Amino acid sequence: MKSTTNRRDFFRKAAVLTGAFSCNSLYQQLFAEDLAAKSDLYKNVSAEKMAENEDFWALIQQAYPASSSPVLNLNNGGVSPSPKLVLDAVDRYNQMSNQAPSYYMWRILDQGREPLREKLALLAGCDPEEIAVNRNATEALNTVIYGIDLEKGDEVIGCKQDYPNMMQAWTQRAQREGIVYKQISFDFPIEDEDTIVEHYRNAITSRTRILHLTHVINWVGQIMPVKKICQMAHEKGVEVIVDGAHSFGLLDFNIPDLDADYFGTSLHKYLSAPIGTGMLWINKKNISKVWPLLCHGDPKSADIRKFETLGTRSFPIEQGIGEALNFHNGLGAGRKEERVRYLKNYWAEKAMSIPSVKIHTSLKTAYSCAIAGVSIEGMTPQALGQQLLSKYKIHTTSISYGNINCVRVSPHVYTRLSDLDRLVLALSRLAEENGNQSLNSKGA
Ligand SMILES: Cc1ncc(COP(=O)(O)O)c(C=O)c1O
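Residues numbered from 1 in each chain as written. Predicted model: local features only at pLDDT ≥ 70, side-chain atom pairs only at ≥ 80, totals over all residues.

### So, the overall build of the protein
We count it as follows: Note on conventions: DSSP H or I runs of at least 4 residues are helices, E runs of at least 2 residues are strands, and numbering of each starts at the N terminus. Atoms counted for the radius of gyration: C-alpha only. Globule rule: 2.2 Å times the number of residues to the power 0.38. Placing a C-beta atom from the backbone of each residue, one calls two residues in contact when those atoms lie within 7 Å.
Secondary structure assignment for the protein yields 15 helices and 13 strands. Here the protein has a C-alpha radius of gyration of 23 Å; the compact-globule value for 444 residues is 22 Å, and the two agree. Pairs at least 24 apart in sequence give 71% of the contacts found in the protein among residues at least 6 apart.

### A few points about the site of the ligand
We count it as follows: Being near a molecule or strand means, for a residue, that its C-beta atom, positioned from the backbone, comes within 6 Å of it. Three categories are distinguished: nonpolar for Ala, Val, Leu, Ile, Met, Phe, Trp, Tyr, Cys and Pro, charged for Asp, Glu, Lys and Arg, and polar for the others, with Gly belonging to the last.
Near the ligand there are 13 residues, and of these Asn136, Thr138, Asn218, Ala245 and Ser266 occur at the shortest range. Of the residues assigned to the shell around the ligand, the class counts are three nonpolar, nine polar and one charged.

### Examining the sheet that holds strand β10 (residues 372-376)
Worth spelling out the cut-off: DSSP calls a pair of strands paired once it identifies at least 2 bridges connecting them. Lines fitted to the C-alpha atoms define the axes, with helices restricted to the stretch that makes contact. Angles between their N-to-C directions range from 0 to 180 degrees.
Spatial strand order, β9-β10-β13-β12: four strands in an open sheet with antiparallel pairing. Two strands bound the open sheet, and with one partner strand each, they are β9 (357-359) and β12 (397-401). Each strand axis lies, on average, 35° off the axis of its neighbour in the sheet, ignoring direction. Pairing analysis gives three bridges linking β10 to strand β13 (residues 404-409), with the strands arranged antiparallel. When the bridges of β13 are listed, Val374 appears paired with Val407. Where helix α13 (residues 333-352) meets the sheet, it contacts β9, β10 and β13, and its direction lies at approximately 140° from that of β9. Packing against the sheet, helix α14 (residues 381-392) makes contact with β10, β12 and β13, and its axis sits at approximately 175° to β12.

### Side note on the sheet that holds strand β7 (residues 262-266)
Here we have seven strands laid out as an open sheet, ordered β2-β8-β7-β6-β5-β3-β4, and mixed in their pairing. Since the sheet does not close on itself, it has two edges, and those belong to β2 (131-134) and β4 (180-184), each with one partner. Along the sheet, successive strands turn relative to each other by an average axial angle of 20°, direction set aside. Contacts from helix α8 (residues 137-147) reach β2, β6 (239-243), β7 and β8 (278-282) within the one sheet, and its direction differs from that of β7 by about 160°. Lying on the sheet, helix α9 (residues 164-177) is in contact with β3 (155-159), β4, β5 (208-214) and β6; it crosses β4 at an angle near 145°.

### Let's talk about the domain arrangement of the protein
Rule in force here: For every domain, the bounds stem from an assignment made automatically or drawn from a database.
Domains assigned within the protein are domain 1 (104-326) and domain 2 (335-443). Listed per partner, the contact involves 13 residues of domain 1 and 22 residues of domain 2. Of the residues that constitute the side of domain 1 that touches domain 2, the class distribution is seven nonpolar, two polar and four charged.

### Observations concerning the environment of Leu417
Just so we agree on the cut-off: A residue is called partly exposed when the number of other C-beta atoms within 10 Å of its own lies between 12 and 20, exposed at 12 or fewer, and buried at 20 or more, with C-beta atoms placed from the backbone.
In this structure, Leu417 sits in helix α15 (residues 417-443). On the basis of neighbour count, Leu417 is assigned to the partly exposed category, with 15 C-beta atoms found within 10 Å. In this structure, the C-alpha to C-alpha distance between Leu417 and Ser97, residues 320 residues apart in sequence, is 40 Å.

### Looking at the confidence of the model for the protein
Keep this limit in mind: Each residue gets a pLDDT score, which is the predictor's confidence in that residue and runs from 0 to 100.
Chain-level statistics for the protein give a pLDDT mean of 93 and a share of 92% at 70 or above. Of the regions scoring below 50 in pLDDT, residues 1-20 engages in 23 contacts with residues more than four places distant in sequence or in other chains.

### Some remarks on the UniProt feature "domain: Aminotransferase class V" (unreviewed entry) in the protein
The condition that has to hold: UniProt positions are given in the numbering used here, feature names are shortened, and annotations may be inferred rather than shown by experiment.
Within this structure's numbering, the places UniProt gives as "domain: Aminotransferase class V" (unreviewed entry) are residues 74-422. Spanning residues 74-422, this segment combines 39% helix with 16% strand, and its end C-alpha atoms are found 11 Å apart.

### A look at the pairing of β2
The alternating pattern of β2 places Ile131 and Val133 and Ala132 and Asn134 on opposite faces, both of which are buried. Note that β2 and β8 share four bridges and pair antiparallel. Across the sheet, Ile131 pairs through a bridge with Trp281, a residue of β8.

### Observations concerning α8
Counting buried positions along α8 gives nine out of 11 residues, so the element sits mostly inside the fold. Inspection of α8 places Ala137, Thr138, Glu139, Ala140, Leu141, Asn142, Thr143, Val144 and Ile145 among the buried residues, and these make up the whole buried set. The inward-facing, buried residues of α8 abut β2, α9, β6, β7 and β8.

### A look at the pairing of β4
What counts here: Orient the strands so they point away from the viewer; a crossover is then right-handed if the path from the first strand over the helix to the second runs clockwise.
Of the strand pairs in this sheet, β3 and β4 are connected by five bridges, and their pairing is parallel. The residue of β4 that forms the bridge with Val156 is Tyr181. Between the parallel elements β3 and β4, the chain passes through α9 in a crossover that is right-handed.

### Quick word on the packing of helix α10 (residues 193-203) against helix α11 (residues 226-235)
As a reminder of what qualifies: Note on terminology: angles under 35 degrees are roughly parallel, angles over 145 are roughly antiparallel, angles of 65 to 115 are roughly perpendicular, and the others are oblique. Each crossing is labelled by how the near helix is turned from the far one, with a counterclockwise turn of less than a right angle marking it left-handed and a clockwise turn marking it right-handed.
At a closest axis distance of 10 Å, the pairing of α10 and α11 adopts a crossing angle of 30°. Taken together, the axes of α10 and α11 are roughly parallel relative to one another. The two elements α10 and α11 cross, and the hand of that crossing is right-handed. Contact residues: Glu193, Val197, Tyr200 and Arg201 in α10; Lys228, Ile229 and Met232 in α11.

### Let's talk about the environment of Met352
In this fold, Met352 is placed in helix α13. Note on Met352: 13 C-beta atoms within 10 Å, which makes it partly exposed. For the pair Met352 and Val424, spaced 72 residues apart in sequence, the C-alpha separation works out to 9.6 Å. Filtering out sequence-adjacent residues up to four positions away, Met352 remains in contact with Val357 and Ile359.

### A few points about the packing of helix α5 (residues 84-97) against helix α12 (residues 315-331)
Two elements in contact, α5 and α12, have axes separated by 8 Å at closest approach and are oriented at 150°. Looking at the two axes, α5 sits roughly antiparallel to α12. At the point where α5 passes α12, the crossing takes the right-handed sense. Mapping the contact onto sequence places Leu85, Val86, Ala89, Val90, Tyr93, Asn94 and Ser97 in α5 and Phe315, Pro316, Ile317, Gln319, Gly320, Glu323, Ala324 and Phe327 in α12. Taken together, the residues that form the contact of α5 with α12 break down as 10 nonpolar, four polar and one charged.

In structure tokens, the structure reads:
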């Protein structure tokens, strides 16, 4: 039996890990105790070394019901599952809300938004007054895209490898208001930050007002040199909107350190918050000039809350973000980034040595983390994705978009090395079968 001191210590640590409305289940208390004990045990070990520590990551894997899914989910870049304590919290808030919805949602759960804003700001390394909580990256970024005053002829520069929802929003503004939306294009992977910066610099003219930039390119996982691009753009008087859907909750950084003006992200990707959660950050000095996408009584207000008039939304889902933050902080942001990068390198380096397999992503630390693209010579991305699923129960996403043709693979902290061995085996078998088939068909 544990000593009283240990018990007290354990409850203290468990309390640190809970959210604004948590009622600790025994599961959560035990998990918090285990996580705190492991963190203590390895407190002097660097994040890079921890990336290979299977003892620590086994505990994290157990926290995710998705780790025992019959379909191996390697599309965490699309949407990530939540750990059990987040799922439990949402269930709990949902049960509570359905007792007397308008009372529990509007008078109780709604009070959790301010502590949540503070918790998000702590992770983002910014002032809570710069954070708005919403439902996804599309909503966050469309708020800025449609909210900034631009005149006919003003230019916005983006790239063809940005996310479609944002490209469509800019195109709509071009069609409706006559702004000029210009897109440059990249051939990824690129292992030279200055080449990327110069590409944007060369596109800027005296009419350019906005640069739209994706932090981590969703198609192939290229990490863009955001800070360098922002500094270059600011020298030319151009503001920068950053799409951080694939970076926040994965890469260990503070938003203000990017030197951007606006930053929108999903929280249901690498942060593992409940599905349907997002966040908008706006540099304080810019808040008053952005019109809210939805209504507000004082649309030119400098209060970031003017972007949160969403009407009735899921308060249980929103409050579940708090538990995801607890979980993320408990495991450690630096450890998470290094582990997920390690997992990507683990499978991609093995896959590279298979004849006819190509990796479409730089494996250098500065240029990628979770995502890598893969293809097999002679197979379309659709055929490869479909066979991975039908023959090996491995779920990925197939990409045939402009100059990018590959299957995107994105593991998460709950992915096991044995899962990735299964992927590599599947790739090598499919490459072999595909090679045999083409030999046979040549011979026929
Ligand atoms: C780069 C990028 N931006 C934005 C989004 C949209 O995210 P959400 O579905 O949260 O709106 C995605 C989705 O995958 C994305 O990859």
